[in-house]
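Examination of the molecular architecture
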Amino acid sequence: MGVVYSSARCRFISRSSSINNILQQNDERNQTDKTELDVDLNYLIGKLERLPAYAKKLFELSKLYLTSAEENSNDCKSQSFHMTESAMIGRSEQCQASNELSSLYLFTPLKQKHPLHCGQTFIQWKATFDVQQLAYMCAPSRNTIYLQPLDSFPEVISQFVLSISQLYLSLFQLLQGFCQIFFLGVEVVLLAPVSSTNWNIRSRLSNSTGRPQLCVNDFFPLLQLRVPNNGIGIVGILWTDLYPEGFNFVLGEASVYHKSAVVSFGVDTSEDMTQVNGVLVWRLFKTLTHEICHLLGLTHCEFFSCAMNESISISQAMSQPLVLCPVCLRKVQHVCGFDVLERYTKLHHFLLNVTQQLDGDLSQFNQTIQWLHNCILYVTH
């Protein structure tokens, strides 16, 4: 019996030792995975030590991209950007068994098509941005974005007035106000309209509508000449449709090299506009901020559903979010130096005021307002 007992005990010790080895290996693997995740997260959004806790909480949502499955499904990790607050809170309780608003509903990670280093992470963007800044070390600080209306506009545009905080704003002042909050921390200056009649811009008639179109590429070097020394960049805004070389139509395009961009109202894509409505303002907000982000060095986002996603059609561009994902927001925050919570709060208040005074389809604005409300709840709880 002693021999049998001894044999059984040895087998037990052997099994116990194997289990301990497996557990130790799992712990080591988990620690390695965590370390790799931390390294990837730092590469994706940079160091966050100097930011407030609520800002870190928001930017760390970039982990959703790093930990998301190859195929986004309809589980808790990949919910629609357009989910309402009540649905968000309800599903959040299912996922976390908690009353805390779930972070998994704020940003939708895209399918991981490439290795992390193939996209423009914060570290990659900052390396290029820092090199560009070296060229301006002896120049005045560049802290201003200029908006330049070009040529004439229909009466419906020139007569539009909207009230914000007891101020009566023209359409261009409204665009200026929105950009001032979107890029909080830098100045946004609206310049007096100028004519591009003598600028030697190529033109043609649209194949689809027969309306005049101007070549967007020809504007870049000419607008660059109008950028003051303190200018981050300049954006021309015009009514006439645009076309880029080799393509049929574009709402806007930017050239980082020339520090200039051009956007149009996009009359080529709709009936003649008889009023400034929610669809038009949404289009202008979307296009203008997208192109300014390009002037800051941002490329198209491949990480999340984001205002900086690439689009192949006007309808696709307009269906994308107005807000930036945490990776792109981190880049803009580095340039502008804004406080994340202050920016979201001001955007929420501004868009609420705007939508209360606009007619037409406001569904995308309302979804954005609801999203901002949910985001504020998340970072403050």
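Here the structure is shown first, and the text comes after it.
Residues numbered from 1 in each chain as written. Predicted model: local features only at pLDDT ≥ 70, side-chain atom pairs only at ≥ 80, totals over all residues. Heavy atoms only, no water.

On to the environment of L225. Tracing the chain through its elements places L225 in the loop between α8 (219-224) and β7 (231-238). With 33 residues separating them along the chain, L225 and H258 place their C-alpha atoms 8.9 Å apart. (Helix = DSSP H or I, 4+ residues; strand = E, 2+ residues; numbered from the N terminus.)

Two aromatic rings, taken as a pair, are described by how far apart their centres are and by the angle between their planes. Going through the model one piece at a time under the given rule, you end up with 18 aromatic pairs. Considering the side-chain rings of F107 and F304, the 6.1 Å spacing of their centres and the 70° angle between planes classify their relative orientation as edge-to-face. Here F304 lies in the loop between α9 (278-295) and α10 (314-319) and F107 lies in the loop between α4 (85-96) and α5 (122-134), a separation of 197 residues in the sequence. Residue F304 is classed as buried on the basis of its relative accessible area of 0%. Ring centres 6.1 Å apart and planes at 40° place the aromatic pair F178 and F350 in the tilted group. Residue F178 is found in helix α7 (residues 171-182), and its partner F350 is found in helix α12 (residues 340-355); the two are separated by 172 residues along the sequence. Since its relative accessible area comes to 1%, F178 is described here as buried. Assessed through its relative accessible area of 6%, F350 is described here as buried. (Phe/Tyr/Trp six-rings, centres within 6.5 Å; stacked < 30°, edge-to-face > 60°. Buried < 20%, exposed > 50% of the residue type's maximum accessible area, 1.4 Å probe, protein only.)

Moving on, we get to the pattern of salt bridges. Within the structure shown, the criterion is met by 4 salt bridges. The closest approach of N and O atoms between E245 and R202, which form a salt bridge, is 2.5 Å. Pair noted here: E245 is in the loop between β8 (241-243) and β9 (252-255) and R202 is in the loop between β4 (187-190) and β5 (203-205), with a separation of 43 residues, a long-range link. Judged by its relative accessible area of 46%, E245 is partly exposed. In this structure, K346 and E342 form a salt bridge, with 3.1 Å as the shortest nitrogen-oxygen distance. Here the residue K346 and the residue E342 both occupy positions in helix α12, the gap between them amounting to 4 residues, near one helical turn. Overlapping salt bridges bring together R202, D218 and E245 as one network. (Salt bridge = Lys/Arg side-chain N within 4 Å of Asp/Glu carboxyl O.)

Within helix α11 (residues 326-336), 9 of the 11 residues are buried, which leaves it mostly tucked inside the rest of the structure. Looking only at α11, the buried set comprises P326, V327, C328, L329, R330, K331, V332, Q333 and C336.

Quick look at α7 now. End to end, α7 covers 16 Å across 12 residues, agreeing with the expected 16 Å (1.5 Å per residue, within 8%). Counted residue by residue, α7 has 9 buried out of 12 residues, so it is predominantly covered. When α7 is considered as a whole, its buried residues turn out to be L171, F172, L174, L175, G177, F178, C179, I181 and F182. (Expected span 1.5 Å × (residues − 1).)

Time to look at the environment of V256. Examined against the element boundaries, V256 turns out to sit in the loop between β9 and β10 (260-264). On the accessibility criterion, V256 (36% relative accessible area) is partly exposed. The spacing of V256 and I232 is 24 residues in sequence and 9.9 Å in space, taken between C-alpha atoms. Leaving out residues up to four positions away in the same chain, V256 has contacts with Q132, H294 and L295. (Contact = heavy atoms within 4.5 Å.)

The strand order across the open sheet built from 3 strands is β5-β6-β8, with neighbouring strands paired in mixed fashion. Each having just a single partner strand, β5 and β8 make up the two edges of the open sheet. Strand-to-strand, the axes of this sheet are offset by a mean angle of 40°, without reference to chain direction. One ladder, built from 3 bridges, connects strand β6 (residues 212-215) with β8; its direction is parallel. (Pairing = 2+ DSSP bridges. Axes fitted to C-alpha atoms, helices over the stretch in contact; angles between N-to-C directions.)

Right, let's talk about the pairing of β10 for a bit. Within β10, 5 of the 5 residues are buried, which leaves it mostly tucked inside the rest of the structure. Side chains S260, V262 and S264 of β10 all project onto a buried face; the interleaved residues A261 and V263 project onto the opposite face, where all are buried too. Across 5 bridges, the pairing between β7 and β10 is parallel. Each residue of the ladder has a partner; that of I237, found in β10, is V263. Two successive antiparallel strands, β9 and β10, enclose a turn made up of 4 residues, where K259 displays a positive phi of approximately 55°.

Attention now goes to the packing of α7 against α9. The N-to-C vectors of α7 and α9 enclose an angle of 50°; their axes lie 10 Å apart at closest approach. When the interaxial angle is binned, α7 and α9 end up oblique. Handedness of the crossing formed by α7 with α9: right-handed. Residues L171, L174, L175, F178, C179 and F182 of α7 form the contact with α9, whose participating residues are V281, L284, F285, L288, T289, I292 and C293. Here the contact of α7 with α9 is built from residues that sort into 12 nonpolar, 1 polar and no charged. (Parallel < 35°, antiparallel > 145°, perpendicular 65-115°, else oblique. Left-handed = near helix turned anticlockwise from the far one by under 90°. Nonpolar A, V, L, I, M, F, W, Y, C, P; charged D, E, K, R; others polar.)

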